[in-house]
Amino acid sequence: MRNNRDWEENVIVRSRQNIKNIFIRMVKFESNNASLYMALLSDVTNLIKAKQNQAWADIAKRMAHEIKNPLTPIVLSAERIEMKLLPKLSPDDQSFLQRLIKQIIIQVEDLKTLVNKFRDFANINKANLSKMEIIYFFKQFLTLYENIDFIKFKNLLPNQEDFVMADSSLLRQVFHNLLKNSMESIENQENKQIDILICQENEMVKIHIRDNGNGFDQIIMENLFEPYRTTKGVKGSGLGMAIVKKIIDEHNGKIEVFNDNGANIVVKLPLVNQDIVL
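Residues numbered from 1 in each chain as written. Predicted model: local features only at pLDDT ≥ 70, side-chain atom pairs only at ≥ 80, totals over all residues. Heavy atoms only, no water.

Student: Which residues make up the overall build of the chain, and what values go with them?
Tutor: When its secondary structure is counted, the chain shows seven helices and ten strands. Evaluated residue by residue, the chain yields a buried proportion of 35% over its 278 residues. Counting only contacts in the chain whose residues sit at least 6 apart along the sequence, the fraction spanning at least 24 positions is 63%. In the structure as shown, the chain presents an accessible area of about 17600 Å², 50% of it carried by carbon and sulfur atoms. (Helix = DSSP H or I, 4+ residues; strand = E, 2+ residues; numbered from the N terminus. Buried < 20%, exposed > 50% of the residue type's maximum accessible area, 1.4 Å probe, protein only. Contact = heavy atoms within 4.5 Å. Areas by Shrake-Rupley, 256 points an atom, 1.4 Å probe, with all protein chains shown as cover.)

Shown next, in the form of structure tokens:
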């Protein structure tokens, strides 16, 4: 006990698939001439995450604004330089100038993509939830990937129809992002494989996406859903999985990641009674 005084502390508890922030407060009180202590434990994980997400959203919004403003003038200035100087140059110098101008425009387009990701993270619309049949959703969604033979879909749900409350547009964004990550992680594999398994777990529908890549680095996995954490080096913005997590939270769902012969991502969404009219 710390000098027999009240004390409090935040403790981080790590498990295989997630991290919990536990707030512990120890209170001392006297009873019948004896010193007694009471420990109060609170799970403040969601509170801390909410504060962090809001702080990151504010930063992202400001960065998007500051970066976007000069992009159009940069492109216009580059194009004016090309237009003014090109007729005065020799063919070799013309080619050289055009290559430089093209690189400027490419880099500006990359910055615009980054700005859009900042904007998406800062301004994810609140989910417009409606009752949706989950297998029908995936059959429609996976038509975009039907020419990719190493993506396999398996439905293990016991019922013909299972419904969730969802915003189909936002869920498409989630699963496009997750599949894109899986495809990038196995691009150097000789025998590529991505499995999508859907089953029921208690009162949730469980969507399990697994690939046969190298999996997540342990250091990255512990903070994967925090903004600006990326496994892609300079190619990644570090916002994709943070956006995914925000959307799943909007659906009152859960998302977990772990390694088991490759990367595994599990999304869980609450099931609703199909007889409910909304």
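Student: Go over the packing of helix 4 (residues 134-141) against helix 5 (residues 168-185) with me, naming the residues and quoting the values.
Tutor: Any two packed helices are characterised by the angle at which their axes cross and by the distance between the axes. Interhelical geometry of helix 4 versus helix 5 gives an angle of 55° and a closest axis separation of 11 Å. As summarised for this structure, helix 4 and helix 5 are arranged oblique, according to the angle between their axes. Considering only the axes of helix 4 and helix 5, their crossing is right-handed. Listed contacts from helix 5 to F137, F138 and F141 of helix 4 are S168, L171, R172, F175, H176 and L179. Residue classes in the contact of helix 4 with helix 5 are distributed as six nonpolar, two polar and one charged. (Axes fitted to C-alpha atoms, helices over the stretch in contact; angles between N-to-C directions. Parallel < 35°, antiparallel > 145°, perpendicular 65-115°, else oblique. Left-handed = near helix turned anticlockwise from the far one by under 90°. Nonpolar A, V, L, I, M, F, W, Y, C, P; charged D, E, K, R; others polar.)

Student: Can you tell me about the packing of aromatic side chains, naming the residues and giving the values?
Tutor: Considering all chains together, one arrives at eight aromatic pairs under this definition. With a centroid separation of 5.2 Å and 85° between ring planes, the pair formed by F137 and F138 is classed as edge-to-face. Across the pair, exposure class does not vary: F137 and F138 are buried alike. Ring plane angle 20° and centroid distance 5.9 Å describe the contact between F138 and F153, whose orientation is recorded as stacked. One end of the pair, F138, is in helix 4; the other, F153, is in strand 5 (residues 151-155), and 15 residues separate them in sequence. F153 sits in the partly exposed class, given a relative accessible area of 31%. A network of ring pairs unites the aromatic residues F137, F138, F141, Y145, F153 and F175 as a single cluster. Directly above the ring of F163 sits K131, whose terminal nitrogen or CZ lies 5.1 Å from the centroid. (Phe/Tyr/Trp six-rings, centres within 6.5 Å; stacked < 30°, edge-to-face > 60°. Lys NZ or Arg CZ within 6 Å of the ring centre and 35° of its normal.)

Student: Give me unusual backbone geometry: which residues, what numbers.
Tutor: With a phi close to 55°, N202 is a non-glycine residue in the positive phi region. Relative to the helices and strands, N202 resides in the loop between strand 7 (194-201) and strand 8 (204-211). Despite not being glycine, N261 shows a phi value in the positive range, around 55°. Its location among the elements puts N261 in the loop between strand 9 (254-259) and strand 10 (263-272). N261 sits in the exposed class, given a relative accessible area of 72%.

Student: I'd like to hear about the environment of E161, residue by residue, with values.
Tutor: Following the sequence through the fold, E161 ends up in the loop between strand 5 and strand 6 (163-166). By relative accessible area, which is 42% here, E161 ends up partly exposed. Separated by 29 residues in the primary sequence, E161 and M132 have C-alpha atoms spaced 9.8 Å apart.

Student: Account for a nonpolar patch on the surface, with residues named and values stated.
Tutor: Residues F29, L36, M38 and L40 make up a contiguous nonpolar surface patch of about 320 Å² in total accessible area. With three residues, strand 3 (residues 34-43) is the largest single contributor of residues to the nonpolar patch. (Patch = residues over 30% accessible without salt bridge, like charges linked within 9 Å, V, L, I, M, F, W, Y side chains within 5 Å. Salt bridge = Lys/Arg side-chain N within 4 Å of Asp/Glu carboxyl O.)

Student: Give me the side chain of K268: which residues, what numbers.
Tutor: Of note, K268 is situated in strand 10. Contact partners of K268, with chain neighbours within four places excluded, come to E201, M204, V205, K206, G253, K254 and E256.

Student: Describe helix 5, naming the residues involved and giving the relevant values.
Tutor: Compared with the 26 Å implied by 1.5 Å per residue over 18 residues, the 26 Å span of helix 5 between its first and last C-alpha is a close match. Among the residues of helix 5, those classed as buried are L170, L171, V174, F175, L178, L179, N181 and S182. The buried residues of helix 5 occupy one face: seen down the axis, they fall within an arc of 165°. The opening residue of helix 5 is D167, an N-cap whose side-chain oxygen sits 3.1 Å from the backbone nitrogen of S169. (Expected span 1.5 Å × (residues − 1). Arc of directions from axis to C-beta. Polar contact = N/O pair within 3.5 Å; in protein donor to acceptor, adjacent residues only side chain to side chain.)

Shape is all these values report; function is a separate question.
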